[in-house]
Amino acid sequence: MAWHERFLLGPVGAMVPLPSPPARAGVSAPVQRLGSARVAASGRYSAVLSGQKRSWTFKYSRLNSRLAEQIRAFWSWTQPRPLRFLDPYTLNLVSADVSLGGSQSRYTKAFTASTGDSSILRVDLTTPELNSYLRTFIDSGIRWTVPAATAGTLLSNFDIREQIVLRDLRPLVLTLEVTGSGVVQALIRPFNRTGVAQTDILGNAVTLNTTWQSVSLTYSPGSNDATCAVGLNCQSGAGERIITTTAIKCRDSNDDPRWSIGGGIGEVAIIDFDAQYNTFHTYEISFTVREV
């Protein structure tokens, strides 16, 4: 997304653009680490982290009554659909854990495979090592075992509350680093605003080997597409196939193609709301949006 675009807030299919805050106010966007830190008897510091939660605080010195009422309605939860949030500073639309192939949580919870049972997914150290740029960010990837003579899909954020929200009809570019065996294709699965899956979009077929290969796909959303999940399709083949993927990025086609940690945002809530009367029918508003 381009940096000059507006933040969006609201339910899927009915998101409201927020005006740019005054330059001096900006938007505060702290990140809370989830987990624990320990100091051993030797003084060695270590941290066990399971994820992160972000929040965004907006302050407007002059907001019209119509938008003030809309934000108040979101805060009051007057409609039951989950709230979603789009941050125009996000360069990678998948979540942090998906982008890192499970390296953040050290768990498979951000991925869903269509074949086999839960034991077919695990997070492993990347072998061989990734290139020098990625190596400073990532040391693991999601390992997927596909049974013999079976085709399957590996998808991220299958829960609609965590799928990528499509901002408009501009193309998206999906890239994944993949190694292993078998023939795979980059995959995007669109969903309409009610959560019904649409036809899968597939990239070019790539035959895997013991080196890392970049697998990619360019996708232009259809008029009915509201959200999407991303991943891989593995074609049917002889013998069991073992596939590892990491460094996943889904971006606006106009954004920087270099890999970056995912900033995708799941369900959010407004956790505080304050309004002060200003001139007639305008308000001084402050509110905080937080990932739930």
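Scroll up for the structure.
What comes next is a walk through the structure. It should be emphasised that the depicted structure is a prediction, and the values quoted were computed from it without experimental measurement. (Residues numbered from 1 in each chain as written. Predicted model: local features only at pLDDT ≥ 70, side-chain atom pairs only at ≥ 80, totals over all residues. Heavy atoms only, no water.)

Here the focus is the sheet that holds strand β18 (residues 241-252). Sheets are built from strands paired through backbone hydrogen bonds, the pairs being either parallel or antiparallel. Taken together, the five strands give an open sheet; going across it, the order is β8-β9-β18-β12-β16, and neighbouring strands pair in antiparallel fashion. The open sheet is flanked by β8 (121-125) and β16 (213-219), the only strands paired with a single partner. Pairs of neighbouring strands in the sheet enclose a mean axial angle of 35 degrees, with direction left out of account. (Pairing = 2+ DSSP bridges. Helix = DSSP H or I, 4+ residues; strand = E, 2+ residues; numbered from the N terminus. Axes fitted to C-alpha atoms, helices over the stretch in contact; angles between N-to-C directions.)

The next subject is the sheet that holds strand β6 (residues 84-86). Strand order across the open sheet formed by three strands is β2-β1-β6, with antiparallel pairing between neighbours. A strand with exactly one partner marks an edge of an open sheet, and here the two such strands are β2 (16-17) and β6. Strand direction decides the pairing type here: strand β1 (residues 8-10) and β2, joined by two bridges, are antiparallel. Note that in β2 the partner of L8 across the bridge is P17.

Bringing a nonpolar patch on the surface into the picture now. Together, Y133, F137 and I261 make up a nonpolar patch on the protein surface, roughly 280 Å² of accessible area in all. Looking at the secondary structure, you find F137 in the loop between α3 (132-135) and β9 (140-146). Judged by relative accessible area, F137 falls into the partly exposed class, the value being 38%. (Patch = residues over 30% accessible without salt bridge, like charges linked within 9 Å, V, L, I, M, F, W, Y side chains within 5 Å. Areas by Shrake-Rupley, 256 points an atom, 1.4 Å probe, with all protein chains shown as cover. Salt bridge = Lys/Arg side-chain N within 4 Å of Asp/Glu carboxyl O. Buried < 20%, exposed > 50% of the residue type's maximum accessible area, 1.4 Å probe, protein only.)

Before going further, it helps to examine the nonpolar core. Residues W144 and I243 are the most contacted members of the largest nonpolar core, which totals 32 residues. Of all the elements in the fold, those that place two or more residues in this core are β9, β12 (172-180), β13 (183-191), β16, β17 (227-234) and β18. Not counting residues up to four positions away in its chain, the partners in contact with W144 are A113, T115, I120, L121, G152, T153, L154, L232, C234, R241, I242 and I243. Residues V16, L18, I270 and F273 belong to the second largest nonpolar core, which totals 21 residues. (Core = buried A, V, L, I, M, F, W, Y, C linked by side-chain atoms within 4.5 Å. Contact = heavy atoms within 4.5 Å.)

Attention shifts here to the pattern of salt bridges. Within this structure, the stated rule accounts for 10 salt bridges. When the shortest N-O distance is used, the salt bridge between E291 and R54 registers 2.8 Å. With E291 in strand β20 (residues 282-291) and R54 in strand β5 (residues 45-64), this pair connects stretches of sequence that are 237 residues apart. One salt bridge in this structure joins D124 and R143, with 3.1 Å as the shortest N-O distance. Of the two residues, D124 is situated in strand β8 and R143 in strand β9; the sequence distance between them amounts to 19 residues. Residues participating in the shared-partner salt-bridge network are R122, D124 and R143.

The next thing to look at is the pairing of β9. Two faces make up the sheet, and in a regular strand the side chains alternate between them. Of all seven residues making up β9, six are buried, and the element is well covered by its neighbours. One ladder, built from five bridges, connects β8 with β9; its direction is antiparallel. Across the sheet, residue L121 finds its bridge partner in β9, namely W144. Pairing of β9 with β18 involves five bridges; the strand directions are antiparallel. Along β18, the bridge assignment pairs I142 with T245.

A few words on unusual backbone geometry. Following T127, the chain continues into P128 via a peptide bond in cis, with omega recorded as -5 degrees. Tracing the backbone shows P128 in the loop between β8 and α3. Non-glycine residue R106 carries a positive phi angle of around 60 degrees. Note that R106 resides in the loop between α2 (96-99) and β7 (111-113).

A separate point is the pairing of β17. For β17, the buried fraction is high: eight of the eight residues fall into the buried class. Where strand β10 (residues 152-156) lies against β17, four bridges are found, and the strand directions are antiparallel. Opposite L155, over in β17, you have G231 as the bridge partner. Bridge analysis of strand β11 (residues 164-165) against β17 gives two bridges, and the strand direction is antiparallel. Residue pairing across strands places I164 opposite C228, the latter belonging to β17. With eight bridges joining them, β13 and β17 adopt antiparallel strand pairing.

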